[in-house]
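Spelled out, the chains give:
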Amino acid sequence: MTIVTRFAPSPTGYLHIGGARTALFSWLLARHAKGRFLLRIEDTDRQRSTREATDAIIDSMKWLGLDHDGEIVFQSQRIDRHNEAIDQLLAKGKAYWCECTPDQVEAMRVKARAEGRKPKYDNSCRARNLGPGSGRVVRFKTPLDGATSYLDMVKGPTSIENAEMDDMILRRADGSPTYNLAVVVDDHDMGVTRVLRGDDHVANTPKQILLYQALGWDVPEFGHVPMILGPDKKKLSKRHGALSVMEYEKMGYLPQAMLNYLARLGWSHGDQEVFTPKELVELFDTDNLGSSASVFDMKKLDWLNSQYMQAADPRDLVRPLSDFLSRIDIPDADPDVLKKAIPLLQPRAKTLVELAEMSLIFVTKSADIEYDPKAVEKFLTPESVALLREFAAELEKAPDFRPEPLEEMAKGFIEARDLKFKHIAQPIRVAITGKTASPGLFETMEVLGREETLKRMARAFQL
RNA sequence: GUCCCCAUCGUCUAGGGGUCUAGGACGUCGGCCUCUCACGCCGGUAACAGGGGUUCAAAUCCCCUUGGGGACGCCA
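On a predicted model such as this, the values are computed, not experimentally measured, just so you know. One numbering rule holds for all chains: residues counted from 1, following each sequence as written. Chain letters and ligand numbers both follow the written order, the letters beginning at A and the numbers at 1. Note on the predicted model: pLDDT of at least 70 is required for a residue's local features to be given, and 80 or more for side-chain atom pairs to be given and counted; whole-chain, interface and lining totals, by contrast, use all residues. Heavy atoms throughout the structure, all of them, feed into the side-chain values; hydrogens and water do not.

A. Broad picture of a negative patch on the surface. Together, Glu 404, Glu 407, Glu 443 and Glu 446 make up a negatively charged patch on the protein surface. Where the negative patch is concerned, the elements lending two or more residues are helix 16 (403-416) and helix 18 (441-461). Along the polypeptide, Glu 446 turns up in helix 18. The buried label applies to any residue whose accessible area, calculated with a 1.4 Å probe on protein chains only, is under 20% of its type's maximum; exposed applies above 50%, and partly exposed to all values in between. Judged by its relative accessible area of 35%, Glu 446 is partly exposed. Nonpolar side chains (Val, Leu, Ile, Met, Phe, Trp, Tyr) are joined into patches within 5 Å and like charges within 9 Å, using only residues with over 30% relative accessible area and no salt bridge. Note on areas: Shrake-Rupley, 1.4 Å probe, and residue coverage restricted to the protein chains presented here. Here a salt bridge means any side-chain nitrogen of Lys or Arg lying within 4 Å of a carboxyl oxygen belonging to Asp or Glu. We score Asp and Glu as negative and Lys and Arg as positive, and we do not count His or the chain ends. Where a charge lies is defined by one atom per residue type, namely NZ (Lys), CZ (Arg), CG (Asp) and CD (Glu). The numbering of helices and of strands both runs from the N terminus, where a helix is a DSSP run of H or I of at least 4 residues and a strand a run of E of at least 2.

The following block contains the structure:
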């Protein structure tokens, strides 16, 4: 039997880290088994569902590379089918009409809690054999005793007393089907065989299993992935900063790094830390999913990202780099310059944002280079400028502007004057980059080219 | 309040009764490399929440306590 999984977010907000991870695990589960991964948008709450949120979710998944099979299913378009199932349940005597008002039910809950019991509806309409009527809802006849058990893919054997559950509403007074019913009908119709979702759904699972059984359908396997916590060990929330997956894109993280990080958060494969998407697909299994919540650690994400930055083919970074440069109002950087600069910056930039910032020394024209005043004061002293003028003269006639010959030349220059390289390195650096930190001097010069290098030095001499 | 779940370095985790004086990774600290900043390399620091069992033997199994989390909607 082919394995079919799904991701079923409700479009009431952006796709956040937690949702992205459950989507990733479901995707991995399907791809590993050569099965199918479906996407369903649970937009039955018309008030809170938005088109923007739907788009944001789709964009985020696209960015992460989580491709889905088949058409996207919109739950709101399947209401007739949901109602059909409810009618079926009614016909089988597994559901009944109830005319208790929300206020009455609330009173029952308050009473139950006061008596130290679990807040529940008291099933009072169960025996009344009511028919349809305005203001009435349809409730499910939850078994009064026994237990509902299943083998959770991550938690193992799980069992809940049926008495813990109340008779859930299947159809609201306005005629609309409720969540648990809709999910069961949709998952069944879509042929979903494995449901991997967030821990916050554990309480829904037994209810849904009961529904499957009442409808006479095969029950899929379920698995509940632990939550992701913030640094304060509380549920990850807006307080902890960027939450939406697309925020991480904006911060300059590479999708593969994000994917890798998310996969390792709650899942492991021995001591391995770095995984290509392909490896993830090959190696993923629910057996190695952990069962405790994990804290989101930005530092480790940074490290992983820097690993991916370093390992990237420079050519693949040109496009993203110019995009990020555009975002800081530099839309016309020369791709050839970028291509040459990238290898120098790869080991230094943890994110694309940093890459863009660091590339500024290469894409800025000499006239616009900003000189760090402190650096100028410290290194561009009259003595060092005098020395640099002599050095510039040699640069001008250097036969070969590549790093090695340049370094040879510099060596000759300082030896002739009985100096150490240290004496001229920082002055040169400040003169050609305006900063005290940069990639290797000669590599930098090569990328800048002779003309630009000399222009910058000339300008630095005027400071 | 009721029910459910979870518990190894600061963080992510390995570990499935003896090979655990608990391994890896991030971070952190120290060193090396070095024209700066990084990268890289080497080394250090640091954990089985507590208490009871079971067993010849427990990080591993059981119970309790504590701590954390989640769920209890005519939301999804």
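B. Up close: the protein's contact with RNA strand B. Neighbouring RNA strand B are 57 residues, the closest being Arg 109, Arg 172, Arg 348, Arg 429 and Ser 438. One heavy atom within 4 Å of a molecule or strand makes the whole residue count as near it. The sugar-phosphate portion of RNA strand B accounts for 66% of its atoms within 4 Å of the protein, the bases making up the rest. Only helix 4 (102-114), strand 12 (294-295), helix 10 (298-311) and helix 17 (421-433) provide two or more residues apiece to the surface near RNA strand B. The dominant element in the surface near RNA strand B, judged by the number of residues it contributes, is helix 10, at 5 residues. Of the residues in the surface near RNA strand B, the class split is 18 nonpolar, 18 polar and 21 charged. All amino acids are sorted into three groups, where Ala, Val, Leu, Ile, Met, Phe, Trp, Tyr, Cys and Pro are nonpolar, Asp, Glu, Lys and Arg are charged, and the leftover types, Gly among them, are polar.

C. Spatial organisation of the confidence of the model for chain A. With 99% of its residues at a pLDDT of at least 70, chain A reaches an overall mean of 94. Scored as a whole, the predicted complex attains pTM 0.94, and scored at its interfaces, ipTM 0.94. What pLDDT conveys is the predictor's confidence in a given residue, as a value from 0 to 100.

D. The arrangement of the environment of Val 195 in detail. Checked against the element boundaries, Val 195 lands in strand 9 (residues 194-198). Residues Val 195 and Thr 205 lie 10 residues apart in sequence; the distance between their C-alpha atoms is 9.7 Å. Residue contacts for Val 195: discarding those within four places in its chain leaves Arg 6, Met 153, Asp 187, Pro 220, Glu 221, Phe 222 and Gly 223. It only takes one pair of heavy atoms within 4.5 Å for two residues to be counted as in contact.

E. Structural context of the layout of surface pockets. Approximately 1400 Å³ is the volume found for the largest pocket. When residues of the lining of the largest pocket are traced back to their parent elements, those giving at least two are strand 1 (4-7), helix 1 (17-32), helix 3 (79-91), helix 5 (179-189) and strand 9. Per-class residue counts for the lining of the largest pocket are 18 nonpolar, 18 polar and 13 charged. In this analysis the probe radius is 1.4 Å and the grid spacing 1 Å, with only protein atoms considered; a cavity is a set of points the probe fits into but cannot get out of, a pocket is an open set with protein on both sides within 12 Å along at least five of seven lines, and lining residues have an atom within 4 Å of a point. In terms of lining residues, the second largest pocket is bounded by 17 residues, among which Leu 254, Pro 255, Gln 256, Leu 317 and Pro 320 are the most central. Secondary structure elements with two or more residues in the lining of the second largest pocket: helix 8 (255-264), helix 10 and helix 11 (314-327). With 6 residues, the single largest contributor to the lining of the second largest pocket is helix 11. Grid points are joined across faces, edges and corners, and a volume is the space filled by probe spheres set on the points.

F. Quick peek at the pattern of salt bridges. Under the criterion given, the structure shown has 35 salt bridges. Residue Arg 456 is joined to Glu 452 by a salt bridge in which the shortest nitrogen-to-oxygen separation is 2.8 Å. Separated by 4 residues within a single helix, Arg 456 and Glu 452 lie in helix 18, roughly one turn from each other. Summarising the burial analysis for this pair, Arg 456 and Glu 452 share the class buried. The network of salt bridges with shared partners includes Arg 6, Arg 40, Glu 42, Arg 78, Arg 81, Glu 84, Asp 186, Asp 187 and Asp 189.

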